[in-house]
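Notes for the structure review
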Amino acid sequence: MDIKIFSNKDFPVYLPKLNQLYDDLFDGGKGFRAKLVQLVAETLELPPTSTHLLMQTIEFIHNASLLHDDLVDRSKLRRGKPALWLKYSPEYAVLAGDYLLARVMVNLSSYGNIRLVHYTAEMISDLLEGEWLQDSIVGDFFVSLDQLDRIHNLKTASLFKWCLRAPFIAQENYNQNIHELLIECGTILGQLFQRSDDLLDFNVRNYEGKAILGDLKSSYLNSFGAFLCSDLSKEQINQLARSHDLDQVYTAVGGKDAFQKKLSSFDEKNKNLIQLYDHLLKKLNDELGPKSKNLIEKFQKLPELLYWRSKNP
Amino acid sequence: MSSLVTLSKSSPLYKDYLLGTFSNEKRALPIATLNVNKNNETVTFNILDKQNIVKPNFIQFLFQTLKIKKWLLVLFPMLIVLSKNIAFGAVTDPISLWLSSFGILFLFISANLRNDFVDHYWGVDRIFDHRGSRAIQSGWVTAVQVRTLSRFFLVLAILFSVPILIAYPSAFYVVTVSGFLILFSQFTSKNSVYYQLGNEISYFFLIGPLLSTGYQLSMGAPFDYEVIMIGILWGWLVLFVHFLSTLINIMPCSQAGFKNTITMLGFDKSRRFLAFWWTLYVVLYFFYHLFFAGSYWAWYFSLVLLLLTPRIVLKFKSVKSPLGSDLVRLNEIGKRFFYLVILVWLIESLWVFL
């Protein structure tokens, strides 16, 4: 899929550095969320302009959150390059993020579907709530997976839910049963994606070679970290918190075998989630019209891509 | 062998699965819920063969299902009231004393079981993963069995209390007020007893002044103001622990739309409110002992509590997240304080018999 999310004409030419900043921001992103929107929107046969608007919306919101997130976390790198709050300034990073969110509202309100505007605003509030809560637990190495799930449901899953539901809303399909199932499926996909992303930090299925232990080094215990710590002693958890490389992590949890065993039970836990997702897709299949039934087959492949990180699901 | 079934509230099978009456050989365990507490609630059940459900041993099963740990909430104030009346030689009717002791305990067990049933029925136990006995959620018993058990204990409680009401009409007034409050709690909201503002007040009176006064009257002892103070002091302390556990759940409580003291105050004000609530408890404790017990109890034990107070107040101040381990730790400290007060009060009550 070739997607061009934004054009320089989308933003005022007279604002210094803004277009340059956005070029940097959108460069290198996989646009996964936009592709998910495209997958749903094209199956529902939405007009190309509507599809583009929705894709642009989700990418704007996601990238605005990255801009703010990096500043809040004081992260120095994003996609292997200097974070934009460092390259430009913290002030520009905040304003550019705010500007993207404002742009989303302008573009969506021109589309004329008030429910879509309302739902999008709701999603942005969820996202911000999640960010706020995540910041409040930085440095907490005794946080539980359940507690993190609540944050991820706001921060990550809200976007996935939007990707699945927004094209239906744009099509003015408000079937309650369909939307409930999409919410549930989106929640599971968001959770799977977040957990898989957190596994990358421990170099598990890290096929793209992302930098590892970034969360731990920023004093943030991610979902797999919390799962690892669930039955460790206080001393072991403190040792894990001080780890600078994977060998130190393995030592803290009782050896590489113990780590692998934990990984297997984490995968097992998520397989149950995938089983629930598959079950919900069957229910969704019963609710969808003949034209949209193709969606199910496409949706079935998503856990492979999102959790198992398969290149060709 | 397990399989999944998703049902919405409008489905005719929904109640059968939720209550566990859909099959004699299988159990339906809720694993995912959407729109909890709303008309469009949808629940996904994991259907398991009854024989595949892992049950604990019988003692543990009883301990957990009947929530024996919670019996302390009624047994302790009963013990305080009893020891006071024995010390004053006010117990005139041992038979009625035994009847009322069992009657109150059975009523409490019945209320707890009903609470578990109501929580399950309205989805509260699906919002709070660790609330209640978890006996229904684990598949050890069905919701309908819990409801039957609750009714059984209620009948027992009534049978035990009727002779007392005949013998001591003054206790009738207390039971009437209590009955009114219980009915208010059950019918004013569909949620759990614990998660509404009005019900918190009812809970305070039921577990505090009404319990202590009713118990005293039912053992043939006359009414006095000390028993009211014992009730207030106990209700205040129990509510402190209750508010703490609600604070831990402020996020899901708020998201589910529950309106109670903690969600109305919000995270920051609730922390200050609870620090104030505890400090005021220490003051109340001091004055109660000053007026009704020896002044040395007032000074010594209040001093112990006072010395500990800065620790919990500072902890309330330092907690910065409504999620995370800090709040869990705060709850543990609060519970430790709760047990400490019980220990101190117990020593004081039994001291007169030494």
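That block above? That's the structure.
This text gives an overview of the structure that appears in the document.

Each value, and the rule that gives it
- Residues numbered from 1 in each chain as written.
- Chains lettered and ligands numbered in written order.
- Predicted model: local features only at pLDDT ≥ 70, side-chain atom pairs only at ≥ 80, totals over all residues.
- Heavy atoms only, no water.
- Helix = DSSP H or I, 4+ residues; strand = E, 2+ residues; numbered from the N terminus.
- Rg over C-alpha atoms; globule rule 2.2 N^0.38 Å.
- Buried < 20%, exposed > 50% of the residue type's maximum accessible area, 1.4 Å probe, protein only.
- Contact = heavy atoms within 4.5 Å.
- Areas by Shrake-Rupley, 256 points an atom, 1.4 Å probe, with all protein chains shown as cover.
- Lys, Arg positive; Asp, Glu negative; His and termini not counted.
- Charge placed at Lys NZ, Arg CZ, Asp CG, Glu CD.
- Core = buried A, V, L, I, M, F, W, Y, C linked by side-chain atoms within 4.5 Å.
- Phe/Tyr/Trp six-rings, centres within 6.5 Å; stacked < 30°, edge-to-face > 60°.
- Lys NZ or Arg CZ within 6 Å of the ring centre and 35° of its normal.

With respect to the overall build of chain A
Summing up its helical and strand segments, chain A has 16 helices and 2 strands in all. On C-alpha atoms alone, chain A measures out to a radius of gyration of 20 Å, which is about the 20 Å that the 2.2 N^0.38 rule sets for 313 residues. Expressed as lengths along the three principal axes of its C-alpha atoms, the size of chain A is roughly 55 × 50 × 30 Å. Within the span of chain A, comprising 313 residues, buried residues form 54% of the whole. Looking at chain A alone, contacts between residues at least 24 apart form 72% of all its contacts between residues at least 6 apart. A total accessible area of about 14400 Å² is found for chain A, and carbon and sulfur atoms account for 51% of it. Here chain A contributes 37 positively and 41 negatively charged side chains, and the mean placements of these two sets differ by 2 Å.

What to know about the nonpolar core
With 107 residues, the main nonpolar core has Tyr22(A), Phe224(A), Phe259(A), Leu284(A) and Phe299(A) as its most contacted residues. When residues of this core are assigned to their parent elements, the largest contribution, 10 residues, is made by helix H14 (residues 256–287) of chain A. Leave out the neighbours within four places in its chain, and Phe299(A) touches Leu39(A), Val40(A), Leu164(A), Leu182(A), Tyr277(A), Leu281(A) and Leu284(A). Leu19(B), Leu237(B), Tyr285(B) and Trp345(B) belong to the second-largest nonpolar core, a separate cluster that totals 81 residues.

Side note on the packing of aromatic side chains
Tallying each qualifying case throughout the model produces 48 aromatic pairs over all chains. Measuring from ring centre to ring centre gives 5.4 Å for Phe152(B) and Phe153(B), while their planes differ by 70 degrees; the resulting arrangement is edge-to-face. Residue classification places Phe152(B) among the partly exposed residues on the basis of a relative accessible area of 47%. Positioned over the ring face of Trp85(A) is Arg74(A), at 5.8 Å from the centre of the ring.

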